[in-house]
Amino acid sequence: HAKDRVPCAATTPVLLGDLGAGKTSIVVRFVKGLYYECQESTIGAAFFSQALPMSGRGGEGDATVRFDIWDTAGQERYHSLAPMYYRGAAAAVVVYDICSLDSYIRAKKWVDELQRQGNPHLVMALVGNKVDLEQKRKVRTQEALEYAERNGLFFVETSAKTAQNVPELFYELGKH
Ligand code: GDP
Ligand code: MG
């Protein structure tokens, strides 16, 4: 029975990236299955917890992974708080908006910082969000994919709005 299944593994991902990239929307989509056109900006950081059964998804048998997620604010003025969230994290999800070159540049800066100062076993994912806005795209998939490959990151393009690739992102983190 699903209700008898207890989480047998836990992971502690942290979401980093520019204000407005869609970090909170991705987490809310994953945790609540909802999407808000006017998602309120995160102040400081927010915490979410969600269990995900891995069965049939490349996981081990009936394993369920519990995600204890730190969703950070993204504003520059909160930058000094970021290490508090990523130091203890098992995984980092760096999010940019595919319609914003600036957010992509800042995502790469986050990756640099995590590679220099994060935990050496940190699992890192680079996420290009808002793929539903293909007509406004500024960051080419191939460019980000090659950058991710060079840096050993998992890469995926998502839409919190349509839910495209949001479960896949968390299954991938869960597998690790
Ligand atoms: P955060 O600052 O990174 O947490 O970004 P938010 O989750 O607050 O999202 C910023 C804005 O972008 C909000 O108005 C969201 O509704 C919108 N947004 C987030 N994800 C998507 C998406 O996948 N597609 C579209 N079209 N808009 C999105
Ligand atoms: Mg937010």
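About the cut-offs
Residues numbered from 1 in each chain as written. Chains lettered and ligands numbered in written order. Predicted model: local features only at pLDDT ≥ 70, side-chain atom pairs only at ≥ 80, totals over all residues. Heavy atoms only, no water. pLDDT = per-residue confidence, 0-100. Donors = N, O, S within 2.8 Å, 3.2 Å for Na, K, Ca; no water. Helix = DSSP H or I, 4+ residues; strand = E, 2+ residues; numbered from the N terminus. Buried < 20%, exposed > 50% of the residue type's maximum accessible area, 1.4 Å probe, protein only. Salt bridge = Lys/Arg side-chain N within 4 Å of Asp/Glu carboxyl O. Near = heavy atom within 4 Å. Polar contact = N/O pair within 3.5 Å; in protein donor to acceptor, adjacent residues only side chain to side chain. Areas by Shrake-Rupley, 256 points an atom, 1.4 Å probe, with all protein chains shown as cover. Nonpolar A, V, L, I, M, F, W, Y, C, P; charged D, E, K, R; others polar.

## Let's talk about the confidence of the model for the protein chain
Then step 1. Residue-level pLDDT values for the protein chain average 92, and 92% of them are 70 or greater.
Then step 2. As a predicted assembly, this complex carries a pTM of 0.94 together with an ipTM value of 0.99.

## Let's talk about the coordination of the magnesium ion (ligand 2)
Then step 1. Of the protein atoms, only Thr-24 (OG1) and Thr-42 (OG1) coordinate the magnesium ion (ligand 2), at distances of 2.1 Å. Taken together, the residues span a long stretch of sequence, with Thr-24 in helix 1 (residues 23-32) and Thr-42 in the loop between helix 1 and strand 3 (45-53) at a distance of 18 residues. Of the two residues examined, Thr-24 and Thr-42, each falls in the buried class.

## Side note on the pattern of salt bridges
Then step 1. Applying the stated criterion across every chain yields a total of nine salt bridges.
Then step 2. In this structure, Arg-137 and Glu-134 form a salt bridge, with 2.7 Å as the shortest nitrogen-oxygen distance.
Then step 3. Its relative accessible area of 43% is what places Glu-134 among the partly exposed residues.
Then step 4. Bridged by salt links that share partners, the residues Asp-18, Asp-102 and Arg-106 form one connected network.

## Remarks on the site of ligand 1
Then step 1. Near ligand 1 lie 19 residues; those nearest to it are Gly-20, Lys-23, Ser-25, Tyr-36 and Asp-132.
Then step 2. Tyr-36 is positioned such that a nitrogen or oxygen atom in its backbone is 2.7 Å from an oxygen atom of ligand 1.
Then step 3. Here an oxygen atom of ligand 1 and a backbone polar atom of Glu-37 are 2.9 Å apart.
Then step 4. Coverage of ligand 1 by the protein chains reaches 89% of its 580 Å² of free accessible surface.
Then step 5. In terms of residues, the shell around ligand 1 owes the most to one element, helix 1, which gives three residues.
Then step 6. Of the residues belonging to the shell around ligand 1, the class tally is six nonpolar, seven polar and six charged.

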